[in-house]
Amino acid sequence: MKKEDMVKLISAEGFEFVIDKDAAMVSQTIYNMLTSPGSFAETQHGEVTFPEISTTILEKICKYFYWHLQFASGKETEFPIEPELTLELMMAANYLHT
Amino acid sequence: MGGACSRKSDQRDNEDILHRGVSGKYCKSGSSKWLATSFSRPAIDIQLGRGNCPPLMDLCIRKICEDIDRYNTFSMLPRDISQQIFNELVYSQRLTDVSLKAFRDCAIQDLYLGEYPGVNDSWMDVISSQGSSLLSVDLSGSEVTDTGLLHLKDCTNLLALNFDYCDQISDRGLELISGLLNLTSLSFRRNNAITAKGMSAFANLVNLVKLDLERCPEIHGGLVNLKGLSKLESLNLKCCNCITDDDMKPLSGLTNLKALQISCSRVTDFGITFLKGLHKLSLLNLEGCRVTAACLDSLSALATLLYLNLNRCNLPDDGCENFSRFRNLKVLYLGFNEITDACLVHLKGLTNLESLNLDSCRIGDEGLVNLTGLRHLKCLELSDTEVGSSGLRHLSGLANLESLNLSFTVVDDGGLRKLSGLSSLKSLNLDVRQISDTGLAALTSLTGLTHLDLFGARITDAGTNHLRNFKNLRSLEICGGGLTDTGVKNIKNLSYLRLLNLSQNSNLTDKTLELISGLTELVSLNVSNSRITSVGLRHLKTLKNMKSLTLEGCKVTANDIKRLQSTDLPNLVSFRPE
């Protein structure tokens with residue numbers, strides 16, 4: 001796997017998730033960060049920090065990205081959401097335009 | 001706050017009226033019209049599947065709505081998110097007076113609770129807690145009373161309020177909201193308690209753009225209070241039979257008025273003279289008023305008029321020469337009048353017309369020659385006229401025609417060839433007894449048809465072969481009695497069908513239900529008076545979108561249908577026998 005195909009998402013606690021760029025770009029916000037012509041630090045280093053998103057939530061978000069790709073390729077399964085995460089997850093989804 | 005200024009909350013209904021005017025009414029049987037009214041309310045409709053991947057946001061909202069009892073408050077959420085949760089709860093009918101409490105102080109902007117079950121004064125506390133954020137509230141059909149309106153006093157940024165069918169609101173309630181000076185839209189349809197006295201509250205509401213008092217029978221004398229509402233653009237007084245010529249006088253200075261509806265009132269030609277100065281008026285509905293052709297004299301001063309409804313005014317030919325002055329008109333309704341071919345001569349020059357209604361007028365083949373130049377016509381209503389086959393040749397050049405109603409005319413198979421070039425045609429009503437398979441054969445080039453009504457036509461199994469050309473059909477009615485299961489084989493591949501009426505074909509059996517079980521888009525099905533039995537119902541299990549099912553006069557009981565509804569057809573809301 002080439003390094004430029006991957007992207008690093010960093011949670012509020014500093015936990016790093018290295019995932020496919022394609023998956024991360026399911027988020028409109030991340031997509032804009034990684035593709036905007038200006039010199040966002042994120043574009044150059046392939047790293048995005050989310051000081052407002054906890055590790056638990058960011059992990060769930062990453063799972064959603066991959067679920068989304070599967071869904072788009074025809075594998076239509078249910079995406080499980082734990083009730084205790086819902087509110088926080090929703091705030092993150094709102095921020096990430098996901 | 002700034003966002004409040006650019007909202008266009010008042011536009012929807014105006015367009016709705018115009019739209020209905022142009023493309024509404026597809027057929028007389030009423031069953032197709034039903035398609036236009038949805039049982040669902042307009043809100044976000046989150047659906048899984050169908051290839052569209054649901055955003056995480058939608059999944060979360062759905063999840064919250066499923067577990068709504070877990071949440072005590074949403075006030076920590078950004079208001080646009082609370083708004084989405086609220087909308088989804090309303091849409092999925094999960095909102096109750098208990099779950100409503102979680103929305104206290106959420107700064108929500110729009111609360112659309114129209115026709116929502118159980119809404120009463122006890123809901124008003126949470127509603128009003130949105131405070132200055134609240135911009136629009138729809139409580140139509142609720143139990144809210146004057147006392148409930150007291151709560152809204154401090155929601156001073158309110159722009160739109162809808163209290164249609166709230167029969168417990170009276171003059172006192174109007175007084176309580178008279179301080180909401182930012183209101184631009186206000187609606188109180190079918191209210192018996194509002195009188196001229198209470199309407200003095202309207203005089204304060206100088207920002208009103210739209211006022212709807214349809215079916216308010218006690219408002220005579222109250223319109224004087226509108227005199228100073230110089231921003232008023234739309235006034236609906238439909239079916240207020242108390243409204244007289246005197247009530248028109250205070251409207252004469254409302255020069256921003258664009259839409260005025262006074263159908264079924266007691267206004268006469270004299271009252272119409274007061275409208276001469278409304279130089280921005282584009283929509284005027286006078287259906288069922290006691291006017292004569294003399295009112296056209298006053299109206300011809302209104303150069304901006306685009307939509308004129310004069311249905312059911314008993315207009316004779318005398319005076320109709322004035323129609324020739326309305327060159328800008330796009331929509332003209334003249335149905336149910338005494339006019340004859342002699343009147344149509346004066347419509348010849350109205351080349352901007354897009355919709356013309358001549359339903360039940362005394363017009364015939366010769367008169368139609370005057371329509372040949374109306375090249376922009378999209379919708380033509382000739383139902384219940386004396387038009388026959390020889391008149392149809394005058395329509396063959398109307399290339400833009402999208403909707404044509406020839407029901408209950410005297411056209412026969414021989415004339416339909418003249419329609420074969422109308423390639424824009426989407427809706428065709430041929431509910432005519434003398435039409436048969438031969439006539440249908442002449443129409444096979446009309447592949448764009450989405451609505452075809454052959455209700456009373458004598459179509460047999462052989463004729464259904466021609467239906468295969470109409471792949472885009474959304475609605476189809478064939479109720480002449482000549483169909484058997486064999487003919488239904490040609491219907492089973494019309495996969496876009498949403499409405500199918502095959503009633504009165506007494507030879508249809510359960511086999512028919514089996515054949516159409518693949519028409520999964522069906523929303524409405526009628527196979528009344530056939531040999532369908534309860535055994536055949538199982539074939540309908542696949543039709544998950546079904547909202548209306550009619551099987552009168554069959555060996556099917558209400559309980560049979562109810563069972564099917566509970567196990568397989570969750571969307572079914574209307575069925576017969578019931």
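Rules used throughout
Residues numbered from 1 in each chain as written. Chains lettered and ligands numbered in written order. Predicted model: local features only at pLDDT ≥ 70, side-chain atom pairs only at ≥ 80, totals over all residues. Heavy atoms only, no water. Helix = DSSP H or I, 4+ residues; strand = E, 2+ residues; numbered from the N terminus. Buried < 20%, exposed > 50% of the residue type's maximum accessible area, 1.4 Å probe, protein only. Polar contact = N/O pair within 3.5 Å; in protein donor to acceptor, adjacent residues only side chain to side chain. Contact = heavy atoms within 4.5 Å. Arc of directions from axis to C-beta. Pairing = 2+ DSSP bridges. Axes fitted to C-alpha atoms, helices over the stretch in contact; angles between N-to-C directions. Salt bridge = Lys/Arg side-chain N within 4 Å of Asp/Glu carboxyl O.

Considering the side chain of B:Asn337
Residue and element names in this part refer to chain B. Tracing the backbone through its elements, the reader meets asparagine 337 in the loop between strand S10 (331-333) and helix H13 (341-344). Classification of asparagine 337 by relative accessible area gives buried; the value is 3%. One polar contact links the side chain of asparagine 337 to the main-chain carbonyl oxygen of leucine 310, over a distance of 2.9 Å. Of the polar contacts made by the side chain of asparagine 337, one reaches the backbone oxygen of leucine 334; its length is 2.9 Å. Once you skip the residues sitting within four places of it in the chain, asparagine 337 turns out to touch Leu310, Asn311, Arg312, Cys313, Asn314, Leu315, Ser360, Cys361 and Arg362.

Here's the deal with helix H17 (residues 558-567) of chain B
Residues and elements named next belong to chain B. Those residues of H17 that sit buried are Ala558, Asp560, Ile561 and Leu564. Buried residues in H17, looked at end-on, bunch into an arc of 160°, giving them a common side. Counted as exposed and oriented over 90 degrees from the buried face of H17: Arg563, Ser566 and Thr567. The inward-facing, buried residues of H17 contact strand S19 (548-550) and strand S20 (574-576).

Some points on the sheet that holds strand S3 (residues 47-49) of chain A
Backbone-to-backbone hydrogen bonds join strands into a sheet, with any given pair of strands oriented parallel or antiparallel. Residues and elements named next belong to chain A. A sheet is described by the order of its strands in space; here 3 strands give the open sequence S2-S1-S3, paired in mixed fashion. Two strands lie at the open edges of the sheet, namely strand S2 (16-20) and S3, each paired on one side alone. The sheet shows a mean angle of 25° between the axes of neighbouring strands, taken without regard to direction. Inspection of the sheet shows strand S1 (residues 6-10) paired to S3 by 3 bridges, in the parallel sense. Its bridge partner being in S3, isoleucine 10 is matched across the sheet by threonine 49. Packing against the sheet, helix H4 (residues 55-72) makes contact with S1 and S2, and its axis sits at approximately 5° to S2.

Looking at the pairing of strand S15 (residues 451-454) of chain B
Residues and elements named next belong to chain B. Alternating positions in S15 separate into two faces, His451 and Asp453 on one and Leu452 and Leu454 on the other, with burial throughout. Two strands pair when backbone bridges link them, and strand S14 (residues 427-429) and S15 are joined in this way by 3 bridges, in the parallel orientation. Along S15, the bridge assignment pairs asparagine 429 with aspartate 453. Judged from the 4 bridges that link them, S15 and strand S16 (residues 475-478) form a sheet pairing that is parallel. Within S16, the residue paired with aspartate 453 across the bridge is glutamate 477.

Regarding the pattern of salt bridges
All names here are of chain B. On inspection of all chains with the given rule, the structure shows 20 salt bridges over all chains. Of the charged contacts, one joins aspartate 212 and arginine 189 as a salt bridge, the two residues approaching to 2.8 Å between their closest N and O atoms. Linking aspartate 212 in strand S5 (residues 210-212) with arginine 189 in the loop between strand S4 (185-187) and S5, this pair joins segments that are 23 residues apart in sequence. In this pair, the class of aspartate 212 matches that of arginine 189, namely buried. Within the structure, one salt-bridge network assembled from shared partners comprises Arg189, Asp212, Glu214, Arg215 and Lys238.

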